[in-house]
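Observations on chain architecture
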Amino acid sequence: MNDQDFMLAFEVDDLIIFQDLIVQLRETRLSKYVIKDTPMIVGVHKDAEDIIRSVG
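One structure accompanies this document, and this report is about it. Computed from a prediction, not measured in an experiment: that's the story for all the values here. (Residues numbered from 1 in each chain as written. Predicted model: local features only at pLDDT ≥ 70, side-chain atom pairs only at ≥ 80, totals over all residues. Heavy atoms only, no water.)

**A few points about helix H1 (residues 15-26)**
With 12 residues, H1 should cover 16 Å at 1.5 Å per step; its first-to-last C-alpha distance of 17 Å lies within 8% of that length. The residue sitting at the N-terminus of H1 and contributing the capping side-chain oxygen is Asp14; that oxygen lies 3.0 Å from the backbone nitrogen of Ile16. (Helix = DSSP H or I, 4+ residues; strand = E, 2+ residues; numbered from the N terminus. Expected span 1.5 Å × (residues − 1). Polar contact = N/O pair within 3.5 Å; in protein donor to acceptor, adjacent residues only side chain to side chain.)

**Side note on helix H2 (residues 48-55)**
The periodicity of an α-helix, 3.6 residues per turn, causes residues three or four positions apart to be oriented the same way. Buried residues are scarce in H2, accounting for 0 of its 8 residues. Two residues or fewer past H2, Gly56 is found with a positive phi of approximately 85°. (Buried < 20%, exposed > 50% of the residue type's maximum accessible area, 1.4 Å probe, protein only.)

**Some points on the pattern of salt bridges**
The tally for this structure, following the rule as stated, stands at 1 salt bridge. A salt bridge links Arg53 to Asp50, with the shortest nitrogen-to-oxygen separation between them at 2.5 Å. Of this pair, Arg53 and Asp50 both sit in helix H2, separated by 3 residues, roughly a single helical turn. (Salt bridge = Lys/Arg side-chain N within 4 Å of Asp/Glu carboxyl O.)

**Section: the packing of aromatic side chains**
Taken as a whole and judged by the stated rule, the model has 1 aromatic pair. When the centroid spacing of 5.1 Å and the interplanar angle of 45° are considered together, the rings of Phe10 and Phe18 count as tilted. (Phe/Tyr/Trp six-rings, centres within 6.5 Å; stacked < 30°, edge-to-face > 60°.)

Interpretation note: all reported values are geometric properties and have no functional meaning in isolation.
Below, the structure written as structure tokens:
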């Protein structure tokens, strides 16, 4: 089996700046050699109490 799944996690203060960085990196010359590009999945960190309050 050739399963090479992995996940990277990044913590940033400004999501827009990080997103711009990802877009710029996908446009580099080396990105031509990427066979399969996977989407960036974004999440917002919240404390458990905040999540429970938001569910209502």
